[in-house]
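Observations on chain architecture
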Amino acid sequence: QDAQSIMWWVVIALLFPMAGATYFFGYRALLLILFTTVVAVLAEAAFQRVIEKPVTVKDGSAAVTGILLALVLPPTLPLWMAGIGAIVAVVLVKGLFGGLGFNIFNPALAARAVLLASWPVAMTTWTRPLDAVTTASPLFLAKMHQAVPDYLTLFMGNRAGSLGETSILMILIGAAILYWKKIIDWPAPTAFIGSVALLTAILGQDPLFHVLSGGLLLGAFFMATDYVTAPVTTKGRFIFGLGCGIITVLIRLYGGFPEGVNYSILIMNMLTPVIDTYVRPRLFGGVKKDG
């Protein structure tokens, strides 16, 4: 498959988390997703025209970036903030590094980190689905040792959180499509989710709660599997996922933020070149030089 078909299949898979977000958070969620996506596409086209490069928005990468960014934002975030995030993602994080295939960091997560540093209150204001009452996320409740939603509620998505992370059911349907099309494979998601479950169990936490809460599954299936910012080998992707899981648990349990998925993936993005350097497949059939 070429890059364009892969990107549009990712868009199709993301329709399910988008549907879940719209169902639980209403038309405002759909508006936020559409607005962020349109801004991302227009910003990439404008940037490519300014630097006199071919406009490549048809490849779908800007649309994927816009959708993923919207899905990791709170439902009440002002549209202008989301628009700034979309511009940061496609211009600052991707475009200035050379465009698709050359960016160091996952554009959506890097943009989210910029928004979180710039407007921390707006980026951590959560609302309860269906009635839009302000409340805390399950991970924050757990960090404060308060009652948390049950497993079924976490799985179906009727809880506070970012737009795309609430409904595990919708995330799994989207991930199944990507596996069916062989767009993603098992090493990074398995290592990511497995290490979080194992470490939280060892540290006396509820592993199933930590797997179902926050952005773990969205990040594991849709962001840790990014072709550009993850290692190229099977062993490398497993190490990548393992590192993401360890960092996520450390931030969740011992850091100042209740969630660590965003920063864990960005940190491992920085280590991808190192992993690719030291985890190489053995070459067979080479010819030795004389002497």
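Please read all numbers here as calculations on a predicted model, not as lab measurements.

Notes on the nonpolar core
Within the largest apolar cluster, 80 residues are counted, with the highest numbers of intra-cluster contacts made by Phe-192 and Phe-222. The leading source of residues in this core is helix α1 (residues 3-25), at ten residues. Excluding anything up to four places from it in sequence, Phe-192 contacts Leu-216, Gly-219, Ala-220, Ala-224, Gly-241, Leu-242, Cys-244, Gly-245, Thr-248, Val-261, Ser-264 and Ile-265.

With respect to the side chain of Thr-229
Examined against the element boundaries, Thr-229 turns out to sit in the loop between α12 (216-222) and α13 (234-254). At 2.7 Å, the side chain of Thr-229 and the side chain of Asp-226 are in polar contact. The residues touching Thr-229, leaving out its near neighbours within four places in the chain, are Asn-103, Ile-104, Phe-105, Asn-106, Phe-240, Asn-269 and Thr-272.

Considering the pattern of salt bridges
One pass over the full model with this rule turns up three salt bridges. With its nearest N and O atoms 2.5 Å apart, the salt bridge here joins Arg-237 to Asp-185. Taken together, the residues Arg-237 in helix α13 and Asp-185 in the loop between α9 (168-180) and α10 (187-202) connect sequence positions 52 residues apart. Overall, the relative accessible area of 16% leaves Arg-237 in the buried class. Overall, the relative accessible area of 26% leaves Asp-185 in the partly exposed class.

Quick look at the packing of helix α4 (residues 79-94) against helix α5 (residues 107-118)
Running from N to C, α4 and α5 point in directions that differ by 130°, and their axes come no closer than 8 Å. The angle between α4 and α5 falls in the class oblique. As for the relative orientation of α4 and α5, their crossing is right-handed in sense. On the side of α4, the interface is formed by Met-81, Gly-85, Val-88, Ala-89, Val-93 and Lys-94, while α5 contributes Pro-107, Ala-110, Ala-111, Val-114 and Leu-115. Here the residues of the contact of α4 with α5 sort into nine nonpolar, one polar and one charged.

A short note on the confidence of the model for the protein chain
Do not read the predicted coordinates in detail wherever pLDDT is low. Residue-level pLDDT values for the protein chain average 92, and 97% of them are 70 or greater. Considering each helix and strand of the protein chain separately, the mean pLDDT is smallest for strand β2 (residues 134-135), with a value of 82, and largest for α10, with 97.

What to know about a nonpolar patch on the surface
Where nonpolar side chains cluster on the molecular surface, the patch consists of Tyr-179, Trp-186, Leu-198, Ile-202, Leu-203, Phe-238, Leu-242, Ile-246, Leu-250 and Tyr-254 and spans about 990 Å² of accessible area. Listed by contribution, the elements that provide at least two residues to the nonpolar patch are α10 and α13. Per-element accounting of the nonpolar patch gives the leading share, five residues, to α13. Position of Tyr-179 among the secondary structure elements: in helix α9.

Quick notes on unusual backbone geometry
Among all residues except glycine, the phi angle is most often negative; among peptide bonds, the trans geometry is most common. Its identity is not glycine, yet Glu-52 carries a phi of approximately 60°, on the positive side. The exposed category is assigned to Glu-52, whose relative accessible area is 74%. If you check the backbone angles, His-145 has positive phi at about 60° while not being a glycine. The residue His-145 is located in the loop between α7 (138-143) and α8 (151-156) in this model.

Points about the packing of α5 against helix α14 (residues 261-278)
Between α5 and α14, whose axes approach to 10 Å, the crossing angle comes to 125°. Regarding the angle of α5 to α14, the classification is oblique. Between α5 and α14 the crossing geometry is left-handed. Residues Leu-109, Ala-110, Arg-112, Ala-113 and Leu-116 of α5 pack against Asn-262, Tyr-263, Ile-265 and Leu-266 of α14.

A short note on the packing of aromatic side chains
Under the criterion given, the structure shown has six aromatic pairs. With a centroid separation of 5.9 Å and an interplanar angle of 85°, the aromatic rings of Trp-9 and Trp-180 are classed as edge-to-face. Placement of the pair is Trp-9 in helix α1 and Trp-180 in helix α9, with a sequence separation of 171 residues.

As for the side chain of Asn-262
By the secondary structure assignment, Asn-262 is in helix α14. With near-sequence residues (within four places) excluded, Asn-262 lies in contact with Leu-109, Arg-112 and Ala-113.

Cut-off values and rules
Residues numbered from 1 in each chain as written. Predicted model: local features only at pLDDT ≥ 70, side-chain atom pairs only at ≥ 80, totals over all residues. Heavy atoms only, no water. Core = buried A, V, L, I, M, F, W, Y, C linked by side-chain atoms within 4.5 Å. Buried < 20%, exposed > 50% of the residue type's maximum accessible area, 1.4 Å probe, protein only. Helix = DSSP H or I, 4+ residues; strand = E, 2+ residues; numbered from the N terminus. Contact = heavy atoms within 4.5 Å. Polar contact = N/O pair within 3.5 Å; in protein donor to acceptor, adjacent residues only side chain to side chain. Salt bridge = Lys/Arg side-chain N within 4 Å of Asp/Glu carboxyl O. Axes fitted to C-alpha atoms, helices over the stretch in contact; angles between N-to-C directions. Parallel < 35°, antiparallel > 145°, perpendicular 65-115°, else oblique. Left-handed = near helix turned anticlockwise from the far one by under 90°. Nonpolar A, V, L, I, M, F, W, Y, C, P; charged D, E, K, R; others polar. pLDDT = per-residue confidence, 0-100. Patch = residues over 30% accessible without salt bridge, like charges linked within 9 Å, V, L, I, M, F, W, Y side chains within 5 Å. Areas by Shrake-Rupley, 256 points an atom, 1.4 Å probe, with all protein chains shown as cover. Phe/Tyr/Trp six-rings, centres within 6.5 Å; stacked < 30°, edge-to-face > 60°.

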